[in-house]
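Examination of the molecular architecture
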Amino acid sequence: MAIALVVGAGFVLGPRTRAQTPASQESPQHVISDQDLDLLRKDIRSQRKQLIAANLNLTDAEATKFWPVYDQYVSELIVINDKKFGLIQEYADNLGKLTNEQSLSFIRRWLDADIEIAQLRQKYVPIVSKVLDGKKSATFFQLDRRIAMMIELQLSSQMPLVQSK
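Bear in mind that the values here come from a model prediction, so they are computed numbers and not experimental data. (Residues numbered from 1 in each chain as written. Predicted model: local features only at pLDDT ≥ 70, side-chain atom pairs only at ≥ 80, totals over all residues. Heavy atoms only, no water.)

1. Digging into the pattern of salt bridges
All told, the structure shown has nine salt bridges when counted by the stated rule. Note that K83 is salt-bridged to E116, the shortest N-O span being 2.9 Å. Remark: E116 occurs in helix α4 (residues 100-129) and K83 occurs in helix α3 (residues 60-93); sequence separation between them is 33 residues. Accessibility expressed as a relative area gives 26% for E116, which makes it partly exposed. (Salt bridge = Lys/Arg side-chain N within 4 Å of Asp/Glu carboxyl O. Helix = DSSP H or I, 4+ residues; strand = E, 2+ residues; numbered from the N terminus. Buried < 20%, exposed > 50% of the residue type's maximum accessible area, 1.4 Å probe, protein only.)

2. Thoughts on α4
Between its first and last C-alpha atoms α4 spans 44 Å; for 30 residues at 1.5 Å apiece the expected length is 44 Å, and the two agree. Taken as a whole, α4 carries its principal kink of about 30 degrees at K123; the proline P126 stands between one and four residues after it. Along α4, the residues classified as buried are S103, F106, W110, A113, I117, L120, R121, Y124 and V128. (Expected span 1.5 Å × (residues − 1). Bend = angle between axes of the 7 residues up to and from the residue.)

In structure tokens form, the structure reads like this:
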């Protein structure tokens with residue numbers, strides 16, 4: 001399943017041509033279609049939850065308490081990731097046309113999103129530790145980070161370097 005997660009993330013920035021959106025649609029035309037991006041994100045969220053469920057080994061009582069907290073965590077994470085995927089979309093749309101200032105703005109906003117994710121995890125450590133013991137709480141955050149790092153590695157390795165374009 002982890003491989004499927006990484007391969008799915010590679011779909012976002014793999015070799016693509018301009019999205020084929022009918023000219024009659026009002027939405028802007030992107031290199032990566034909004035529909036493709038939305039489907040990928042839903043698939044990643046589903047697989048992420050499955051990986052955590054398969055590796056966290058919760059009792060029924062723990063699961064009853066944990067999954068609502070997890071869902072709230074993910075809803076806050078989605079807000080941050082919306083920014084990140086918006087940056088990916090913007091980057092792909094402007095590949096090879098970024099000025100020096102735009103390039104710096106892109107990387108600052110990307111790093112700001114990384115900081116927001118780290119802060120969100122910090123916020124949720126005491127919340128998760130109220131419903132799970134210390135070892136299972138730590139295991140959850142390890143799994144969450146590993147999955148996020150696999151996705152980040154795949155996305156980052158597929159994104160052409162600013163200077164190369």
